[in-house]
Each structure stands twice: as structure tokens, then as C-alpha cells.
Amino acid sequence: MSRSVVASLPLRQCMLPGVMAICLLLSAPGAAQAQKKKSGGSSKQKVLQLLRENTVLHKDLTYARIGSRSLKLNLALPKNAKSPTPLVIWIHGGAWAHGSKDEVSPAAALLLVGYAVAHVEYRLTGEAPFPAQIHDCKAAVRWLRANARRYNIDPDRFAAWGGSAGGHLATLLGTTSGHRELDGNVGDDTGVSSEVQVVCNYFGPLDFPAMMEASRDTTDDLKQAIEQFFGDATPEQREAIIQLASPLAHVSRGDAPTIIVHGDKDSIVPISINRSFPDALKKQGVRTEMVVIRGAGHGGKEFFERKLLLQIVAFFDRAFKGR
């Protein structure tokens, strides 16, 4: 959808209902039509109509195979774009152990301002321990770049965005371009770059040693998820994995510009463990912003607010222009 099409509706009207409407398009077939029947608000109906007329959805595209296991993504594209569009790649959360590419994401709202949007699945830790998750995400980036011309997306304007565990993986994409061990060999496009040009981290852990320390006082469910993250690793191997998985440990001058959004009441990933990450990026000359949402916890409606989403779009646009 072009920016001129979006201009036909005030952003105040279309951005928030648009998030849910686009997420319906990215999830179950027919859900958007059902939502239209339920909706009594004309703004939602207008958004749904705009989406149907101006968005092309490709569901369950296979980006890699591991044995008999297919890894898939959903790709939503602005229809009739005159030039290749920037792409935002959403990586879902769920403590690396749960979640789905079909879940609601704030990134889907960027379809309203001319972006293509991909929702990516990856192997969960019950299926394979780390680093399988980042291997899969990098394979998805490579596949999308290899098929950029086919889908009219710009291979030089890729944004990675995720929440919680997905935020961690998105940031790891931004800090480990060309890292042999984390690049992996998943998929058929191993000769293609897995670099992303900008990152948005929604409350994902960035300093793993600090997260391990904080997790001693966390819930049993999160402790179990962390155990699955390591798999059968020995204590010595765990120490190496903690460093390998920590975006903070990989910060360097060539990293992607990163915007971090975190609630100051987050009890699952305390904001304190992420405070050092933007400072580390700044020391390397990498553009970064940290947005602290007062009173917010680990997710919630505050992370879908129009003003915040527009701030993220502006950060992405600046990063792309800087490249």
C-alpha cells in the first residue's frame, strides 16, 4: 500500500484498528471478512477495504527444509508498488519455546505506510536447542533477499523486529552479520547475506549473563524455557552458549542501528539488564534509541500505540537513508 493511499485516511483513525486488521490478514484465512461483519466502526471497515484492495498476502511460504520439516513464513506486500518496497521481518516471542508466525504483531501496521511485512517461524527449543533459532531466522533473511526481485522488495532495506525472545533474535541478527557459527547452513541460500539494516527490539534480553542472574528469581515456566534453550549442554558448554547468544557480546562498529522499547515495570525481562546495550552501541558509533514506557510490563497495549509505531517507522526510515 503506497503512502498516498494511506493518506486517504487519517493515521489517527487507521493506525490502531489497522494493526488488528492486518494481523487478521496474516493469520487465519477469512478472519478479516469475519472481522468486518463484527465491526460497527466505519474506520475499521475502511481499513479492511484498503487492505483487501491494496495488499497481497502469501501465506505459508517455505523458506527452508530440515529433513522432512518445512520452515515457513507469511509475506504481505503492498499491491502495485511502483518500486521495490522496504521489508520488516517480524520474529515472534514465547521464551523461544512457544509462539507462532500467525500471532498478532505491531509490525504488521507498517503495511499502512508502504512496507512489506514478513512473519517468520523458527524451530522452538522443544524441537532443537540454541542456536537453531537464530540459524532459522538467518535462513529466512537469506531466502527473502534471494527472492527479493520476485516479490518486489528492496534487498538493501531489511528491518528485523521482534518481541521478547523474538526481540533477542532480531537484535542478534543485527549484531552478528557474517558470524560463521551463528549464520549456520539452514536452507538453500547460504551464499546470500543474512544482514539486516535496522532492528527494533521489544523487551527482548540483550545481556545474557545478566539475564541468567536475574532468572534465578523468575517463574518456573521461564526457568524451564531457559533449560530447553540450552538442551543437553554441559555446564562448561552453557557458559559458552551464554556468550554466543548474548547480543551485547557481539556489539561492533558495523552493527545495524537499533531501537529498543521496554517497559519499566517488566518483571520477566527487567529493563535493568538491557540498559548497557545502547551505551555499547553508541561507543561503536552505531545509531540507537531506547524508549522506556512508563508503567508498562512485558508487552501490552502500550506497545501498539500510534505515536510509538510512528516513532519506529521514523527510525527505520532514517536508518535506510543512512545506508
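Residues numbered from 1 in each chain as written. Predicted model: local features only at pLDDT ≥ 70, side-chain atom pairs only at ≥ 80, totals over all residues. Heavy atoms only, no water.

Draft legend 1. Spotlight on the overall build of the chain. Tallying secondary structure elements over the chain gives 13 helices and eight strands in all. For the chain, the proportion of its 323 residues judged to be buried stands at 54%. Sequence separation of 24 or more characterises 78% of the internal contacts of the chain that already satisfy a separation of 6 or more. With the model as given, the accessible surface of the chain reaches about 13,900 Å², and the carbon-plus-sulfur share is 48%. (Helix = DSSP H or I, 4+ residues; strand = E, 2+ residues; numbered from the N terminus. Buried < 20%, exposed > 50% of the residue type's maximum accessible area, 1.4 Å probe, protein only. Contact = heavy atoms within 4.5 Å. Areas by Shrake-Rupley, 256 points an atom, 1.4 Å probe, with all protein chains shown as cover.)

Draft legend 2. Inspection of the confidence of the model for the chain at higher detail. Model confidence for the chain is summarised by a mean pLDDT of 86, while 83% of its residues fall at 70 or above. The model gives residues 1–40 a pLDDT under 50, and that stretch makes 87 contacts with residues more than four places away or in other chains. (pLDDT = per-residue confidence, 0-100.)

Draft legend 3. Main features of the packing of aromatic side chains. In total, this model carries 14 aromatic pairs according to the counting rule given. Seen from their ring centres, Tyr202 and Phe203 are 5.9 Å apart, and the 25 degrees between their planes marks the pair as stacked. Summarising the burial analysis for this pair, Tyr202 and Phe203 share the class buried. Where Phe208 meets Phe229, the ring centres are 5.6 Å apart and the plane angle is 40 degrees; that geometry is what we call tilted. Of the two residues, Phe208 sits in helix H9 (residues 208–214) while Phe229 sits in helix H10 (residues 220–230), which places them 21 residues apart along the sequence. You can call Phe208 buried: its relative accessible area is 0%. Overall, Phe229 belongs to the buried group, its relative accessible area being 1%. Within the aromatic cluster, the residues linked to one another by ring pairs are Trp90, Tyr115, Trp161, Tyr202, Phe203, Phe303, Phe316 and Phe320. Taking NZ or CZ as reference, Arg145 lies 4.4 Å from the ring centre of Phe158, over its face. (Phe/Tyr/Trp six-rings, centres within 6.5 Å; stacked < 30°, edge-to-face > 60°. Lys NZ or Arg CZ within 6 Å of the ring centre and 35° of its normal.)

Draft legend 4. Seen up close, unusual backbone geometry. Note that the residue after Phe130, namely Pro131, is joined by a cis bond; omega there is 15 degrees. Relative to the elements of secondary structure, Pro131 occurs in the loop between strand E4 (116–120) and helix H5 (132–146). Positioned with a positive phi, Ser164 is a non-glycine residue whose angle comes to about 60 degrees. Along the chain, the position of Ser164 falls in the loop between strand E5 (153–163) and helix H7 (165–175). Relative accessible area serves as the criterion here: at 14%, Ser164 is assigned to the buried category.

Draft legend 5. Spotlight on the environment of His92. Along the polypeptide, His92 turns up in the loop between strand E3 (85–91) and E4. On a C-alpha basis, the gap between His92 and Ser164 in space is 7.8 Å, while along the polypeptide they are 72 residues apart. When near neighbours in sequence (up to four residues on either side) are disregarded, His92 contacts His98, Gly99, Ser100, Lys101, Glu103, Val120, Tyr122, Leu124, Gly163, Ala165 and Gly166.

Draft legend 6. View of the nonpolar core. Within the largest apolar cluster, 51 residues are counted, with the highest numbers of intra-cluster contacts made by Tyr63, Leu73, Leu75, Leu87, Phe130 and Leu144. Per element, the largest residue contribution to this core is seven residues, and it comes from H5. Those residues within four positions of Leu144 in sequence are excluded, and the remaining contacts are Leu73, Leu75, Leu87, Ile89, Ala118, Ile153 and Phe158. Counting residues in hydrophobic clusters, the runner-up holds 30 residues, among them Val88, Val113, Ile259 and Phe303. (Core = buried A, V, L, I, M, F, W, Y, C linked by side-chain atoms within 4.5 Å.)

Draft legend 7. Summary view of the pairing of strand E8 (residues 288–293). Inspection of the sheet shows strand E7 (residues 258–263) paired to E8 by six bridges, in the parallel sense. For Gly263, the partnering residue across the bridge sits in E8 and is Ile293. Between the parallel pair E7 and E8, the chain is carried across by helix H12 (residues 276–283), and the sense of this crossover is right-handed. (Pairing = 2+ DSSP bridges. Right-handed = clockwise from strand over helix to strand, strands pointing away.)

Draft legend 8. Region of interest: the pattern of salt bridges. Applying the stated criterion to the full structure yields 11 salt bridges. With a closest N to O distance of 2.8 Å, Arg123 and Asp136 form a salt bridge. You can see Arg123 sitting in the loop between E4 and H5 and its partner Asp136 sitting in helix H5, a full 13 residues away along the chain. Each member of the pair, Arg123 together with Asp136, is buried. In this structure, Glu289 and Arg318 form a salt bridge, with 2.8 Å as the shortest nitrogen-oxygen distance. Placement of Glu289 in strand E8 and of Arg318 in helix H13 (residues 306–322) is noted, with a sequence separation of 29 residues between them. We classify Glu289 as partly exposed; its relative accessible area is 23%. Connected via shared salt-bridge partners are Lys59, Asp60, Lys101 and Asp102. (Salt bridge = Lys/Arg side-chain N within 4 Å of Asp/Glu carboxyl O.)

Draft legend 9. Up close: the side chain of Thr288. Assignment of secondary structure puts Thr288 in strand E8. Classification of Thr288 by relative accessible area gives buried; the value is 10%. A distance of 2.9 Å separates a polar side-chain atom of Thr288 from the backbone oxygen of Thr258. For Thr288, the contacting residues outside a window of four places in its chain are Thr258, Ile260, Pro278, Leu281, Lys282 and Phe315. (Polar contact = N/O pair within 3.5 Å; in protein donor to acceptor, adjacent residues only side chain to side chain.)

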